[in-house]
Amino acid sequence: MLFVVLYSSGYVASKTGIAFTDPFTFQSLRLAIPIPIFLTIIYFFKADWPKKATEYVHLSVIGILIHGFCFTGMLIAYEWGMDAGTVGLIMALHPVLASVGAAVFLGENSSFKQALGLLLGTIGVVFIVGQKVHTGDNTYSGLFLTILCLFSMVAGVLYQKRFVAHMNLMTGSLIQHFSAFIPVFGLMLAFEPMTVNWTFPLLGSLLWMGIVLSLGSWLLFYILIRKRDVSHSQSYFFLVPPTITLLAWAFFDEDFGSYFILSIALIMAGIWAVTRQRLPRLTGREKTKNGMARSS
């Protein structure tokens with residue numbers, strides 16, 4: 001739940017900050033802030049660096065897919081007229097795409113209960129998205145770009161699960177942020193005037209995303225990928241749509257639609273179905289052994 005709240009707040013923070021500068025400039029600042037913090041933590045705690053050159057390549061690819069293309073693209077989508085709630089809702093569709101990709105590319109098995117849970121969660125998200133994408137604040141170009149960001153996120157998740165799921169959280173995050181910073185910084189130099197209207201909302205947005213999200217929500221996200229299969233870990237993203245919708249309503253007065261309660265019910269049922277694990281039944285001998293162990 002902490003991950004869901006922190007991750008959802010990023011959409012509100014980015015929507016707030018992008019009003020005071022251009023997308024590439026904002027993302028360059030946002031990616032640069034946590035880099036010295038990661039370096040300091042790595043130095044004092046002597047975190048392990050990747051042993052192979054291929055691991056650096058894998059981490060760099062993930063950084064470009066997620067922090068580079070995906071989140072920079074969402075900032076551009078805001079510039080093209082998309083509202084924060086709709087962007088977040090479309091991005092929350094990636095659990096079902098990630099689960100299908102995990103079955104196809106990673107060989108993960110999906111039970112009927114997991115498939116049903118993903119279906120319920122997706123229907124809940126679609127109910128919310130269906131009401132919001134027809135509002136006047138959204139554009140077809142922004143919608144198309146957001147969908148591309150969605151697939152970029154899915155590709156990054158699957159790539160990380162396949163190649164570097166057990167990366168060191170500090171050094172791995174540093175490499176990912178730095179690898180995304182380089183191309184975004186280059187695009188800023190090439191296409192933007194680098195004008196920044198320094199205000200307290202912009203500063204708060206950058207610090208929140210650069211520190212709280214990079215060292216909070218994304219580390220929790222990587223732990224979820226490491227500990228669970230893809231369908232299980234990504235199912236929590238179904239909670240992001242209602243959270244974003246409430247935050248967008250509170251901060252930007254964006255309408256959350258008449259199907260909101262029904263959508264939450266479907267989403268919660270879907271997450272319960274995916275994440276609920278049935279305990280194995282014990283034989284009589286195992287029950288006796290467990291009872292002896294407790295008594296001792």
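The preceding data block contains the structure.
> Explanation requested: the overall build of the chain in the structure shown.
In terms of helices and strands, the chain carries 14 helices and zero strands. Traced from its N-terminal end to its C-terminal end, the chain shows the element sequence α-α-α-α-α-α-α-α-α-α-α-α-α-α. In the chain, which comprises 296 residues, the proportion classed as buried is 49%. Long-range pairs, those at least 24 residues apart, make up 90% of the contacts in the chain between residues at least 6 apart in sequence. Working note: accessible area of the chain is about 14,600 Å², and carbon and sulfur atoms make up 69% of it.

> Help me understand the nonpolar core in this model?
Soluble globular proteins tend to pack their nonpolar side chains together in the buried interior. Formed by 60 residues in total, the largest nonpolar core has its most connected members in Tyr7, Tyr11, Met74, Met91, Met153 and Trp218. The contacts of Trp218, once residues within four sequence positions are left out, are Tyr7, Arg30, Ile66, His67, Phe71, Met153 and Leu213.

> What should I look at first to understand helix H8 (residues 140-163) in this one?
Residue pairs three or four apart in sequence face the same way in an α-helix, which turns once every 3.6 residues. With 24 residues, H8 should cover 34 Å at 1.5 Å per step; its first-to-last C-alpha distance of 35 Å lies within 8% of that length. Those residues of H8 not exposed but buried are Gly142, Leu145, Thr146, Cys149, Leu150, Ser152, Met153, Val154, Gly156, Val157, Leu158 and Gln160.

> What is the right way to read the environment of Ala248 from this model?
Relative to the elements of secondary structure, Ala248 occurs in helix H12 (residues 240-252). Through-space distance from the C-alpha of Ala248 to that of Thr86 is 9.5 Å; in sequence the pair is 162 residues apart.

> It is not clear to me how the packing of aromatic side chains should be interpreted in this structure. Could you clarify?
The description of an aromatic ring pair rests on the distance of the ring centres and on the angle between the ring planes. Enumeration according to the criterion identifies five aromatic pairs in this entry. Members of the aromatic cluster, connected to one another through ring pairs, are Phe3, Tyr7 and Tyr11. We note Arg162 situated over the ring of Phe163; from NZ or CZ to the ring centre the distance is 4.8 Å.

> Please clarify how helix H6 (residues 94-106) should be interpreted in this entry.
Considered for burial, the residues of H6 that qualify are His94, Pro95, Ala98, Ser99, Gly101 and Ala102. Axial view of H6: buried residues confined to an arc of 165 degrees, hence all on one face. Trailing H6 by a residue or two, Gly107 shows a phi angle of about 75 degrees, which is positive.

> So what exactly am I meant to see when it comes to the environment of Lys46 here?
Along the chain, the position of Lys46 falls in the loop between helix H3 (34-45) and helix H4 (53-79). C-alpha separation for the pair Lys46 and Thr171, spaced 125 residues apart in sequence, amounts to 9.9 Å.

> For this particular structure, what's the right way to read the state of the cysteines?
What we call a disulfide is simply a covalent bond connecting the sulfur atoms of a pair of cysteines. This structure, assessed with the given rule, holds zero disulfides. For the unlinked cysteine Cys149, the closest cysteine sulfur is that of Cys70, found at 5.1 Å.

> Can you help me understand unusual backbone geometry in this one?
In most cases, non-glycine residues show a negative phi, while peptide bonds are predominantly trans. In this model, Lys46 sits at a positive phi of 50 degrees, which is unusual for a non-glycine residue. Not every positive phi belongs to a glycine, and Met194 is a case in point at roughly 60 degrees. Take Met194: it is sitting in the loop between helix H9 (169-191) and helix H10 (200-227). For Met194, a relative accessible area of 40% corresponds to the partly exposed category.

> Would you mind showing me how to read the side chain of Ser214 here?
Its location among the elements puts Ser214 in helix H10. Owing to a relative accessible area of 1%, Ser214 belongs among the buried residues under this scheme. A distance of 3.1 Å separates polar atoms of two side chains, one belonging to Ser214 and the other to His177. A polar atom in the side chain of Ser214 sits 3.4 Å from the backbone oxygen of Gly210. With sequence-adjacent residues up to four places away left out, Ser214 is seen in contact with Arg30, Pro34, Phe38, His177, Met209 and Leu219.

What counts and what doesn't
Residues numbered from 1 in each chain as written. Predicted model: local features only at pLDDT ≥ 70, side-chain atom pairs only at ≥ 80, totals over all residues. Heavy atoms only, no water. Helix = DSSP H or I, 4+ residues; strand = E, 2+ residues; numbered from the N terminus. Buried < 20%, exposed > 50% of the residue type's maximum accessible area, 1.4 Å probe, protein only. Contact = heavy atoms within 4.5 Å. Areas by Shrake-Rupley, 256 points an atom, 1.4 Å probe, with all protein chains shown as cover. Core = buried A, V, L, I, M, F, W, Y, C linked by side-chain atoms within 4.5 Å. Expected span 1.5 Å × (residues − 1). Phe/Tyr/Trp six-rings, centres within 6.5 Å; stacked < 30°, edge-to-face > 60°. Lys NZ or Arg CZ within 6 Å of the ring centre and 35° of its normal. Arc of directions from axis to C-beta. Disulfide = S-S within 2.5 Å. Polar contact = N/O pair within 3.5 Å; in protein donor to acceptor, adjacent residues only side chain to side chain.

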